[in-house]
Amino acid sequence: TRQRNHLDKELSDLRTVPVYLSHREINRYYEGFSNGVLWPLFHYQTDMVQDDAWRYWKTYVEVNQRFAEVVADKYQEGDLIWVHDYQLTLLPTMLRRLIPTARIGFFLHIPFPSSEVFRILPWRTQILKGILGADLIGFHTYSYMRHFTRSLLTVLGVESKGEIVSYEDRTLILGVFPMGVDTAKFERLANEKNVLERVAEIQQECRGQKLIIGVDRLDYIKGLPRRMLTVDRLLEREPSLRGKVRMIQVVVPSRTKVDSYKQYQQKLDELVGRINGVHATVNSVPIHYLYRSVSQTELVALYRSAQLMLVTPLRDGMNLVAKEFIASRTDEDGILILSEFAGAAAELREAILINPYDIDGVATTIKKALTLPSEERQARMRILRSRILANNCYHWSNNFIQTLQKASRVRPVAVQALSSSD
Ligand code: GDG
């Protein structure tokens, strides 16, 4: 209790109210259903969906209900409610029942999959109806929004006209809000003295070598084994590059209690070991594999030091690492190789877009990219920078909130009448 009181106090200083979950709830709601079912399915990794999913559904509903009660308890007339992500898909409708007049927005941070994949989910109806309680539903890209409207039609028979959906007695709005990063913060960090010193150090250590970096949470959607196999293929085809290319891959531990993540980590460890064994020279190994998180200074120093950054997820809602890399390149140099299956690819067309499943093809692309003339590198980086500077994370949230304010004004008379009689 003392720990909890202390935590409550710290959270309340941040104007934050916790919803406490038991170990059993974390296991079923968070690890089991959210991360063991929705996460893999929405990222098209259908083989990873846990086959005992049905055991966890009930707890998913219960925890969403708990959030609804806590929010309703704190709610004051005029508040805007913004619900985030796949762990809380039922919350909008639960809240709508508790507070019919509330202004509710929902944003999905991960992809919304093709309706053919979405309809695999036994709870497809409940999840869609849960989200439809919102006034505004936001996605990172147009494709995700299209997949959602297609699912509304095939699963619920609900039609949409462009971005407008009429559902039961309400009108709700869909929108595309590609998330940005805090560009000013990364630019500032990138020019800090200690970061620049660290950049000089890293570059000194990599003298005569091309530095390639990767930064990812340990997750099977990030395409890490295939990325390593690409480096393997590159060095196999171009033995002259051995000792000339250094890859630094930061892998941040994540969801370490979910079985599929443990197996994935083991697979990755073995692969890196094998590749390093094959291509190492007496004084260098190709892949420097850091299984830990790094400080923000170190992160930005790595972004700044690299000739090339590899962002090669098999699927990714957006991928902020790609945008942070660009934001940190105030020197207007560096090459971004980006998976066409990351949401970020919809905006970052001047990156070098690749298909992460095409290992041999990506190896060729890396080889060419490493010899790209500086004018072309800079031309691409300049456009990428102008694009992400124009849409930073503050624009993103303001834009969502303003749209939510407008969206909730189109609420039809029926609900307003209901609320005024409360
Ligand atoms: C989900 C969606 C979507 C990583 N390692 C370190 C570190 N990081 C920070 C990065 C970045 C964040 O973590 C990772 O963000 P991503 O967007 O790349 O990926 P997810 O965690 O999977 O996020 C994703 C996002 O939601 C937002 O909607 O873009 O698609 O999957 O900010 O900088 N930070 C530090 N040390 C590390 O070692 N300090």
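Residues numbered from 1 in each chain as written. Predicted model: local features only at pLDDT ≥ 70, side-chain atom pairs only at ≥ 80, totals over all residues. Heavy atoms only, no water.

Caption draft 1: Broad picture of the packing of aromatic side chains. As enumerated under the stated definition, the model contains 22 aromatic pairs in all. A centroid spacing of 5.2 Å and a plane angle of 55 degrees characterise the contact between Tyr220 and Tyr261, whose relative ring orientation is tilted. One end of the pair, Tyr220, is in the loop between strand E7 (210-217) and helix H10 (224-237); the other, Tyr261, is in helix H11 (residues 259-279), and 41 residues separate them in sequence. In terms of burial, Tyr220 and Tyr261 fall into one category: buried. (Phe/Tyr/Trp six-rings, centres within 6.5 Å; stacked < 30°, edge-to-face > 60°. Helix = DSSP H or I, 4+ residues; strand = E, 2+ residues; numbered from the N terminus. Buried < 20%, exposed > 50% of the residue type's maximum accessible area, 1.4 Å probe, protein only.)

Caption draft 2: View of the packing of helix H2 (residues 23-42) against helix H3 (residues 57-74). Between H2 and H3, the shortest axis-to-axis distance is 8 Å and the interhelical angle comes to 110 degrees. The angle between H2 and H3 falls in the class roughly perpendicular. Of H3, the residues touching H2 (which contributes Glu25, Arg28, Tyr29, Phe33, Ser34 and Leu38) are Trp57, Thr59, Tyr60, Val63, Asn64, Arg66 and Phe67. Here the residues of the contact of H2 with H3 sort into seven nonpolar, three polar and three charged. (Axes fitted to C-alpha atoms, helices over the stretch in contact; angles between N-to-C directions. Parallel < 35°, antiparallel > 145°, perpendicular 65-115°, else oblique. Contact = heavy atoms within 4.5 Å. Nonpolar A, V, L, I, M, F, W, Y, C, P; charged D, E, K, R; others polar.)

Caption draft 3: Quick look at the sheet that holds strand E3 (residues 136-139). Pairing is mixed in the open sheet, where six strands are placed in the order E1-E2-E3-E6-E5-E4. With partners counted over all chains shown, the strands left at the sheet margins are strand E1 (80-84) and strand E4 (160-161), one partner each. (Pairing = 2+ DSSP bridges.)

Caption draft 4: Just helix H8 (residues 183-190), in detail. Of the residues making up H8, those classed as buried are Thr183, Phe186, Leu189 and Ala190. In an axial view of H8, the angular spread of the buried residues amounts to 130 degrees, which keeps them on one side of the axis. Summarising the contacts, the buried residues of H8 are in contact with helix H9 (193-205), helix H12 (296-305), helix H13 (320-328) and helix H15 (374-390). (Arc of directions from axis to C-beta.)

Caption draft 5: Structural context of the nonpolar core. Residues Phe112, Ile127, Ile137, Phe148, Leu308, Ile337 and Ile366 are the most contacted members of the largest nonpolar core, which totals 83 residues. Filtering out sequence-adjacent residues up to four positions away, Leu308 remains in contact with Leu211, Ile212, Ile213, Ile335, Ile337, Ile366, Ala369 and Leu370. Judged by nonpolar contacts, the second largest core, of 38 residues, contains Leu189, Leu299, Met318 and Met381. (Core = buried A, V, L, I, M, F, W, Y, C linked by side-chain atoms within 4.5 Å.)

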